[in-house]
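# Observations on the three-dimensional arrangement
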Amino acid sequence: GHGKCDCGKCKCDEGWYGEACQYPTTCNLTRKKSNEMCKNSQDIICSGAGTCQCGRCKCADSEGNGLVYGKFCECDDRECIDDETEEICTGHGKCYCGNCYCEAGWHGDKCEFQCDITPWEIKKRCTSPDGKICSNRGTCVCGECTCHDVDPTGDWGDIHGDTCECDERNCKAVYDRYSDDFCSGHGQCNCGRCDCKEGWTGKKCEHPRSCPLSVEESAKKCQGNSNLPCSGRGRCECGQCTCFPPGDNRIHGKNCECDDRQCENVDGNVCGGHGICSCGRCVCQDGWFGKLCQHSRKCNMTEEESRSLCESADGILCSGKGSCHCGKCICSSQEWYISGDFCECDDRDCDKHDGLICTGNGVCSCGNCECWEGWNGNACEIWLGREYP
C-alpha cells in the first residue's frame, strides 16, 4: 500500500523503502519499542537472522536469493540445501521454512534417499482403513507410517498402529488431561475404544450403571451453559462435576465454569493488583479499567503524545482494531481475540486441543500459547509433572 508494482518490482512512494515498500524511512518508534516488536517467541530479535527496522524484521539475504524469510526471519531455507548436490531437497522435494517435503518415492532430511518400492505400493501400505494416509496422524516414508505421537507413554505412545489408526487420546475424557487415567479409570483402552469394567458405561466409562440418570441426562446436567460437560475443566459423574486439577481452588462453580486463572497475567499477578477476581473476570478498583485492570484512568500526556505512542510502524492507530488511551492501545472488547501492544495479534491463531485455546492450561500471547508451569506442547496439552498441578 506504499508504492506501485512495475514489471514485478515495487516502486515505493516517498518515505518508504524495501522490496515490498514495507519500511518507513523515518521511524516514530523508540529503539526499545521497535526491538520489542521484532522479538520472536524466544525473545530473540529477528531470530538472530536479520536486523530490526522500525518494528519490522529485515532478514539477512547476502546472496539475494530470499532463502531467509518470515515475520521474525524464523525460516531459513538454506537448511534444505544438500551439501553434495547443492540443490534444494536434492531436487526431489520442496522446502518450506527450512524443512524438506519429499516427492513420493523419496525420503530423508534432504530427500536424498530413494525408496525401493513404487509410489503406488507406498500409498497402498500407508492407507488406513478409513482411506486416509496414516490416518492423517502420521508421515508415510517408503510404505511405513511414523505416527505424530503427542504424549509418549510406555512401549507405544498415544497414537500407534501400522497406519496410526489407534488414537488412545479418544479414551481420555476432557478432564483426563490432568492424569494418565484412560477410560475414566473404569475400563481398558483398546485402539482408541474403551471397554468398560462391570458397573460402568459411557463412551469413556464415565457413567456408573447405578446412577438413576441416563448418560445423556448426566452430561446435560453437567454441561450448563458450556459446550462441554463441566466446561472442559472437570469430571462429570452422575450429573455432578468434580473440577480439575485437584486442589486448585481457582477452578470452581457448579459446572466448573469459573476459571480464576484468566484473571492472571503472564507473571501471575491477579488483576494487576488493582482489582479482585470474580468467576474469571476482574472487578477493578476506582481509577482502573481493562480486562486485567491494567489501565489507569489518569493520564499526564497530551492527546498528540498519546497517539504517537499508539501508532504502529505502518502509521495506523492501534492497527485499526482498538482505541488509544494514555499512549497504550485498548483492543476492541467485541473482538476478544485481538491483542498485542498495537492490537496487531489475532489470538485465534493459537493452537487448540479439545476445542479449547491453549487447552485451558495457559494464555494466548500474540498467536502463541504461553503455558502455565508444568504444561508443554503447542497447545499446552502435555502435562510434564509427576503429580497433579
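Residues numbered from 1 in each chain as written. Predicted model: local features only at pLDDT ≥ 70, side-chain atom pairs only at ≥ 80, totals over all residues. Heavy atoms only, no water.

### Overview of a negative patch on the surface
- On the surface, Asp83, Glu84, Glu86, Asp109 and Glu112 cluster together to form a negatively charged patch.
- On the basis of relative accessible area, Glu112 is assigned to the partly exposed category, the value being 30%. (Patch = residues over 30% accessible without salt bridge, like charges linked within 9 Å, V, L, I, M, F, W, Y side chains within 5 Å. Areas by Shrake-Rupley, 256 points an atom, 1.4 Å probe, with all protein chains shown as cover. Salt bridge = Lys/Arg side-chain N within 4 Å of Asp/Glu carboxyl O. Lys, Arg positive; Asp, Glu negative; His and termini not counted. Charge placed at Lys NZ, Arg CZ, Asp CG, Glu CD. Buried < 20%, exposed > 50% of the residue type's maximum accessible area, 1.4 Å probe, protein only.)

### Brief notes about the domain arrangement of the protein chain
- By domain assignment, the protein chain separates into domain 1 (1-73) and domain 2 (350-383).
- Distance from the C-alpha centre of domain 1 to the C-alpha centre of domain 2: 29 Å. (Domains from an automatic or database assignment.)

### Considering the nonpolar core
- The biggest cluster of nonpolar side chains holds 10 residues, and these are Leu29, Met37, Cys54, Cys310, Cys318, Cys329, Tyr337, Ile338, Phe342 and Cys343.
- Beyond its immediate chain neighbours, meaning those up to four positions away, Cys343 contacts Cys318, Ser319, Lys321, Gly322, Cys329, Ile330, Cys331 and Ile338. (Core = buried A, V, L, I, M, F, W, Y, C linked by side-chain atoms within 4.5 Å. Contact = heavy atoms within 4.5 Å.)

### Focus: helix H1 (residues 31-38)
- Among the residues of H1, Ser34, Met37 and Cys38 are the ones counted as buried. Along the axis of H1, the buried residues cluster in a sector spanning 100°; they form a single face.
- Check the buried side of H1 and you find it contacts strand S5 (50-53) and strand S6 (56-59). (Helix = DSSP H or I, 4+ residues; strand = E, 2+ residues; numbered from the N terminus. Arc of directions from axis to C-beta.)

### Overview of the UniProt feature "domain: EGF-like" (unreviewed entry) in the protein chain
- Mapped onto this numbering, the UniProt entry gives "domain: EGF-like" (unreviewed entry) at residues 79-112, 125-165, 170-206 and 262-294.
- Here residues 79-112 runs as 0% helix and 29% strand, with 14 Å between its end C-alpha atoms.
- Regarding residues 262-294, the helix share stands at 0% and the strand share at 30%, and the terminal C-alpha atoms are separated by 14 Å. (UniProt positions renumbered as here; feature names shortened; annotations may be inferred.)

### What about the state of the cysteines?
- What the rule picks out here adds up to 31 disulfides.
- A sulfur-sulfur distance of 2.1 Å marks the disulfide that ties Cys196 to Cys205. Sign of the S-S torsion, about -95° for the bond between Cys196 and Cys205, identifies this disulfide as left-handed.
- For Cys196, a relative accessible area of 30% corresponds to the partly exposed category.
- Sulfur-sulfur distance for the disulfide between Cys243 and Cys256 comes to 2.2 Å. Taking the torsion about the S-S bond as the criterion, the Cys243 to Cys256 disulfide, at about -100°, is left-handed. Pair noted here: Cys243 is in strand S22 (residues 240-243) and Cys256 is in the loop between strand S23 (251-252) and strand S24 (258-259), with a separation of 13 residues, a long-range link.
- Look at Cys243 and you get partly exposed, because its relative accessible area is 21%.
- The closest cysteine sulfur to the non-disulfide-bonded Cys5 is located on Cys10, 5.5 Å from its own sulfur. (Disulfide = S-S within 2.5 Å.)

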